[in-house]
Structure formats: C-alpha cells, structure tokens
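Summary of structural features
The lines below spell out each chain.
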Amino acid sequence: MKLVVLTGAGISAESGLRTFRGNDGLWENEPIEAVATPEGYFHDKKRVKNFYNGLRVGLSKFKPNAAHIALAKLEEKLGDDFLLITQNVDDLHERAGSKRVLHMHGYLKKLRCEKNEGHVFDFTGEETMETQCPICGAMSRPHIVWFGEIPLYMERIERALQNTDEFVYIGTSSVVYPAAGFKQIAKHFGAHVTCLNLEIDTSDPNTDTNIQGKATEVVPRWCEEFLQKIKK
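Residues numbered from 1 in each chain as written. Predicted model: local features only at pLDDT ≥ 70, side-chain atom pairs only at ≥ 80, totals over all residues. Heavy atoms only, no water.

As annotated in an unreviewed UniProt entry, the protein carries the name protein acetyllysine N-acetyltransferase and is attributed to Hallerella succinigenes.

Okay, structure coming up:
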C-alpha cells in the first residue's frame, strides 16, 4: 500500500521550534516582506542571510520528537511505497531517520545559486556575502522558497498524490495553497485522506478521517494502526 505524508509546522513545534506564523512566531520580530520575499533579499541580502544563519545554527538545540521518529520507523517498513513531503525547512525528519523526504519550501542545511536555481549544495555553516556556488562560482542564497516563488518538487508531488492509496497530513491546517490542494488531488484519484492535527475541520469534503490531538501522541498511534491495517 502506497502512503504519502505531508507534515507542517505543528510537528516541529512540539520539538520546541517556533513556527513562522502565530504568537511568538519567527516573523513577529522580522517583517515577512524583509526576510521572506525575493524583493526583501535583493534589498538587504546581509539581513536575510543572517536571519537564516540564525535559524540554521539554532537547529542543533532541538531534537526529533516521537512523531518524527514514528514516521521514520514507518518508512523503514514501507520502503519505496512511502513518501514524506514537508513544509518545514528544519532537519528533524532527517535526524529521526527519514530518507524519502521532499522539502517543498526549501531546506536550511542547503544553499543554492543566485543565478541557477538548479545549483543546490549542502551547507551547514554561516553564509556570508562572499559565499559562492561551488558549481559555477556565482553568489549563493538561502535554499528557501519565499513568497512569490514556486514550491519545489511540485511535479513529483503531484505524481505521487495521483498514485497513492493513503494520504495523511500532519500538523498543518492544509488551507494554504498549493499544499491545501494535495488532499483534493489524492482524494480525486481514490486515496483515503486523513488529518492529524490540533485543530480539525470536520466539514472538509476532501478529508475522510479526522484525528485531533498532539502530533507526539496521535502520530505514533496512527502509524501503528496503519501497519496493522496493511498486514491484514
């Protein structure tokens, strides 16, 4: 049975990472237009690089939680029948052991070329105004999808959604597009759709099952139940 999982900020929030939106969010002290738009970047590159440098350095303070670990263990069982799409830019899924991960909004532990978006490279240090793309020598930029930019891997994601048996979205309200459209695509092509979230919308026509609760509590239980279901 094929499974596609979408995770949002809620799963990382339970590890202590602040979400971008909401009270005490990362954008509370930095205007969105200054650090999360191409215009903001080209207006003040140093400010933007320093903002993401701070996030990158801070990653080591946080640990994967029970939800991250449960998904990684589920992937071990399902192999290539499993795909994890995340809206998060942190590395908690990877540190939990997940390997089949698509970061649709980018990844803090990578940079990309200013001139060629296909030039993406691993990076764990502090990006400066002198940091260059090792592929072509042009200047680097954070590997983050900003407002006004197209999320990554969209064609691959759409193909997976069209061919999955189950789609589950975790720690996200799934109301912001394009991710909000994933459940509709999966449902249209015959998948069973499940929501695991603190807040649920029981009137959503594209969601078959709603489970309300903290990710650290409901995700491990759901993963175990899913394994039992496919064994029958």
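1. Re the pairing of strand β8 (residues 192-197)
In terms of burial, β8 is largely enclosed, as 5 of its 6 residues are buried. Relative to β8, strand β7 (residues 166-170) runs parallel, the two sharing 5 bridges. Bridge pairing in β8 places Tyr169 opposite Cys195. Crossover connection from β7 via helix α8 (residues 182-188) to parallel β8: handedness right-handed. (Buried < 20%, exposed > 50% of the residue type's maximum accessible area, 1.4 Å probe, protein only. Helix = DSSP H or I, 4+ residues; strand = E, 2+ residues; numbered from the N terminus. Pairing = 2+ DSSP bridges. Right-handed = clockwise from strand over helix to strand, strands pointing away.)

2. Description of the packing of aromatic side chains
In the structure shown here, the tally under the stated rule is 6 aromatic pairs. Taking the centre distance of 5.2 Å and the plane angle of 35° together, the rings of Tyr41 and Trp146 count as tilted. Placement of Tyr41 in helix α3 (residues 38-43) and of Trp146 in the loop between β6 (140-144) and α7 (154-162) is noted, with a sequence separation of 105 residues between them. Residues Tyr41 and Trp146 agree in their burial class; the two are buried. Each residue in the set Tyr41, Phe42, Phe51, Tyr52 and Trp146 is aromatic and connected to the rest through ring pairs, giving one cluster. Above the ring of Trp146, the side-chain terminus of Arg141 is found at 3.9 Å from the ring centroid. (Phe/Tyr/Trp six-rings, centres within 6.5 Å; stacked < 30°, edge-to-face > 60°. Lys NZ or Arg CZ within 6 Å of the ring centre and 35° of its normal.)

3. Some words on the packing of helix α5 (residues 66-78) against helix α9 (residues 215-231)
Where α5 contacts α9, the axes come no closer than 7 Å and their chain directions differ by 15°. In terms of orientation, α5 lies roughly parallel with respect to α9. For α5 against α9, the interelement crossing comes out left-handed. Packed against α5, whose contacting residues are Ala66, Ala67, Ala70, Leu71, Leu74, Lys77 and Leu78, the element α9 presents Ala215, Thr216, Val219, Pro220, Trp222, Cys223, Phe226, Leu227 and Ile230 at the interface. (Axes fitted to C-alpha atoms, helices over the stretch in contact; angles between N-to-C directions. Parallel < 35°, antiparallel > 145°, perpendicular 65-115°, else oblique. Left-handed = near helix turned anticlockwise from the far one by under 90°. Contact = heavy atoms within 4.5 Å.)

4. Some details on the pairing of strand β2 (residues 82-86)
Taken across its 5 residues, β2 has 5 buried, putting it largely inside the fold. Pairing of strand β1 (residues 3-7) with β2, which is carried by 5 bridges, proceeds in the parallel orientation. Across the sheet, the residue bridging to Leu6 is Ile85, located in β2.

5. Quick notes on the sheet that holds strand β4 (residues 106-113)
With antiparallel pairing, the 3 strands of this open sheet are ordered in space as β5-β4-β6. One side of each edge strand has no neighbouring strand; the edge strands of this open sheet are β5 (120-122) and β6. Recorded for the sheet is a direction-independent mean angle of 45° between the axes of neighbouring strands. Bridge count for β4 against β5 is 3 bridges, and the pairing is antiparallel. Looking across to β5, one finds that Arg112 is bridged to Val120.

6. Some remarks on the nonpolar core
Ranked by size, the top nonpolar core spans 21 residues in total, and within it Leu3, Val5, Leu74, Ile170, Val219 and Trp222 carry the most contacts. Residue assignment for this core shows that the elements contributing at least two residues are β1, α5, β2, β7 and α9. For this core, the leading source of residues is α9, giving 7 residues. Counting residues in each nonpolar core, the second largest holds 17 residues, with Leu83, Ile85, Phe182 and Ala186 among its members. (Core = buried A, V, L, I, M, F, W, Y, C linked by side-chain atoms within 4.5 Å.)

7. Points about the layout of surface pockets
There is about 270 Å³ of room inside the second largest pocket. As for the second largest pocket, its lining consists of Arg112, Glu117, Val120, His143, Val145, Glu149, Ile150, Pro151, Leu152, Tyr153 and Met154. Per-class residue counts for the lining of the second largest pocket are 7 nonpolar, 1 polar and 3 charged. When residues of the lining of the second largest pocket are assigned to domains, at least three map to each of domain 1 (1-17 + 63-105 + 152-231) and domain 2 (20-61 + 106-144). (1 Å grid on protein atoms, 1.4 Å probe; cavity = no way out; pocket = protein on both sides within 12 Å on 5 of 7 lines; lining within 4 Å. Points joined across faces, edges and corners; volume = space filled by probe spheres on them. Nonpolar A, V, L, I, M, F, W, Y, C, P; charged D, E, K, R; others polar. Domains from an automatic or database assignment.)

8. A closer look at the domain arrangement of the protein
Once the domains are mapped, the protein shows domain 1 (1-17 + 63-105 + 152-231) and domain 2 (20-61 + 106-144). A separation of 26 Å is found between the C-alpha centroids of domain 1 and domain 2. Listed per partner, the contact involves 11 residues of domain 1 and 10 residues of domain 2. Together, the buried faces of domain 1 and domain 2 total about 910 Å²; carbon and sulfur atoms form 56% of this surface. (Buried area = accessible area lost by both parts, 1.4 Å probe.)

9. Describing the confidence of the model for the protein
When the pLDDT values of the protein are averaged, the result is 93; 94% of them are 70 or greater. Long-range and interchain partners of residues 21-27, a stretch whose pLDDT sits below 50, account for 18 contacts in this model, where long-range means more than four residues apart. (pLDDT = per-residue confidence, 0-100.)

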